[in-house]
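Listed below are the residues making up each chain.
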Amino acid sequence: DNFRQMADSPSTSDVARLPSEAALGEAKAHTDIEKLIIDQEGETVELLDEKMRLDARWIAKGYALQEAAEELLDEGYNSLTLETEGTLKIIGEKPDGEAFRLGIRSPHMNASVPYAHYIDLKNTSCAMASVYADSYQVDGVEYHGLIDMETLAPAKNFSSVTVVTPDSALADALADALFIMNFDEGRELLETLDDVRAVWIYADGKVVDSADFDNQG
């Protein structure tokens, strides 16, 4: 939340600022996952650390889209897209039977090369985590709110990570997780999951699409 709070300030160098190392260290001291108690049967969540905070915004968009899509399916809709910032829910396909095509922004976006990669989507969900969301500048340097817990600074492994999987809440959560992990950690996690595709875009424009893994021998 420290970087997010800074991002809420106007993006001018005389106002926007970075959280102090002391503030970041204090925040990290209250992130012990063992102190988050989830009772699935009772549908309750308890935080054993009174200074711990649970921010559901990172998956709330995907969860809301998934719930809305299920209601629309029950009402008979069979071809539409639902979108909120960074997350898409695709119901069915286009009326002509074609897939919906998504362009993933290039880090060097310009009029001639706006997208680094394209993916075709039918009856699925898609979420992106990137350096572009919730960003702000301090002294000409761009910062965002997806924090590497080792460095206590915005993660720098990728320009963006896009995840495609049927459940939009899962897509939202995985996009953020894979963005923060290094590539090897992310690929290892991905290999434990079914029906999940990820596209990593590096700052230099390099693209790695997990759909190509089976073809790498």
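Located above this text is the structure these notes cover.
This one's a predicted model, so the numbers in the text were calculated from it and none came from an experiment. Residue indices follow the written sequence of each chain, beginning from 1 at its first position. In keeping with the predicted nature of the model, local features appear solely for residues at pLDDT of at least 70, side-chain atom pairs appear and are counted solely at 80 or more, and the whole-chain, interface and lining totals rest on all residues. Where side-chain values are given, they derive from all heavy atoms of the structure, hydrogens and water being excluded.

Observations concerning the overall build of the protein chain
Here's step 1: For helices the rule is a DSSP run of H or I covering at least 4 residues; for strands it is a run of E covering at least 2, with both sets numbered from the N terminus onward. Of the regular secondary structure elements, the protein chain holds 5 helices and 14 strands.
Here's step 2: Taking 17 Å as the expected radius of gyration for a compact globule of 217 residues, we find that the protein chain reaches 19 Å, a close match to that expectation.
Here's step 3: The C-alpha extent of the protein chain, read off along each of the three principal axes, is 55 × 50 × 40 Å.
Here's step 4: For every residue, the accessible area obtained with a 1.4 Å probe (protein chains only) is divided by the maximum for its type, and the residue is called buried under 20%, exposed over 50%, and partly exposed between those limits. Within the span of the protein chain, comprising 217 residues, buried residues form 36% of the whole. We take the radius of gyration over the C-alpha atoms and set the globule estimate at 2.2 Å times the residue count to the 0.38 power.

As for the layout of surface pockets
Here's step 1: Grid points spaced at 1 Å and placed over the protein atoms alone form the basis of the search, with a cavity being a set where a 1.4 Å probe fits but cannot get out and a pocket an open set showing protein on both sides within 12 Å along at least five of seven lines. Lining residues have an atom within 4 Å of a point. Grid points are joined across faces, edges and corners, and a volume is the space filled by probe spheres set on the points. Empty space within the second largest pocket amounts to approximately 580 Å³.
Here's step 2: Forming the walls of the second largest pocket are 25 residues, and the residues nearest its centre are Glu85, Gly86, Thr87, Met128 and Ala133.
Here's step 3: Examining the composition of the lining of the second largest pocket, we find that 5 residues originate from one element, strand 7 (residues 125–130), more than from any other.
Here's step 4: Throughout this entry, Asp, Glu, Lys and Arg are counted as charged residues, while Ala, Val, Leu, Ile, Met, Phe, Trp, Tyr, Cys and Pro are counted as nonpolar. The remaining residues, Gly among them, count as polar. A breakdown of the residues in the lining of the second largest pocket according to their chemical character gives 10 nonpolar, 6 polar and 9 charged.

Focus on the nonpolar core
Here's step 1: As used in this record, nonpolar core signifies buried Ala, Val, Leu, Ile, Met, Phe, Trp, Tyr and Cys residues forming a set joined through side-chain atoms within 4.5 Å. Of all hydrophobic cores here, the largest spans 20 residues; its most connected members are Val163 and Trp200.
Here's step 2: For this core, the secondary structure elements donating two or more residues are strand 7, strand 12 (160–165), helix 4 (168–180), helix 5 (183–190) and strand 13 (197–201).
Here's step 3: Considering each element in turn, this core owes the most residues, 5 residues, to helix 4.

Some thoughts on the pattern of salt bridges
Here's step 1: Throughout this description, the term salt bridge denotes a Lys or Arg side-chain nitrogen within 4 Å of a carboxyl oxygen of Asp or Glu. Applying the stated criterion across every chain, the model contains 5 salt bridges.
Here's step 2: Its salt-bridge partner being Asp120, residue Arg101 comes within 2.8 Å of it at the nearest N-O pair. Residue Arg101 is located in strand 5 (residues 100–105), and its partner Asp120 is located in strand 6 (residues 115–121); the two are separated by 19 residues in the primary sequence.
Here's step 3: For Arg197, the salt bridge is made with Asp209, and the minimal N-O distance between the two is 2.5 Å. With Arg197 in strand 13 and Asp209 in strand 14 (residues 207–209), the pair connects residues that are 12 residues apart, well separated along the chain.
Here's step 4: A relative accessible area of 24% means that Arg197 is categorised as partly exposed.

Here we look at the packing of aromatic side chains
Here's step 1: Working definition: rings of Phe, Tyr and Trp (its six-membered ring) pair if their centres are within 6.5 Å, and the pair is stacked with planes under 30 degrees apart, edge-to-face with planes over 60 apart, and tilted otherwise. Within the structure shown, the criterion is met by 5 aromatic pairs.
Here's step 2: Ring centres of Phe183 and Phe213 lie 6.3 Å apart, and the angle between their planes is 80°; on these two criteria the pair is classed as edge-to-face. Of this pair, Phe183 sits in helix 5 while Phe213 sits in the segment after strand 14, placing them 30 residues apart in sequence. We note that Phe183, like Phe213, is buried.
Here's step 3: With a centroid separation of 6.2 Å and 25° between ring planes, the pair formed by Trp200 and Phe213 is classed as stacked. You can see Trp200 sitting in strand 13 and its partner Phe213 sitting in the segment after strand 14, a full 13 residues away along the chain.

Here we look at the packing of helix 3 (residues 57–74) against helix 4
Here's step 1: Running from N to C, helix 3 and helix 4 cross one another at 160°; their axes reach a closest spacing of 6 Å. Taken together, the axis directions place helix 3 and helix 4 in an arrangement best described as roughly antiparallel. The interaxial crossing formed by helix 3 with helix 4 has right-handed handedness. Across the interface between the two elements, Trp58, Ile59, Lys61, Gly62, Tyr63, Leu65 and Gln66 from helix 3 touch Ser168, Ala169, Asp172, Ala173 and Asp176 from helix 4. Axis lines are fitted to C-alpha atoms, over the contacting stretch for helices. Their N-to-C directions set the angle, which ranges from 0 to 180 degrees. Working rule for angles: under 35 degrees goes down as roughly parallel, over 145 as roughly antiparallel, 65 to 115 as roughly perpendicular, anything else as oblique. Helix crossings get a hand from a simple test, with the near helix turned counterclockwise from the far one by less than a right angle marking a left-handed crossing and a clockwise turn marking a right-handed one. By definition, residues are in contact when any of their heavy atoms lie within 4.5 Å.

In short, the description is geometric, and any link to function would need to be established separately.
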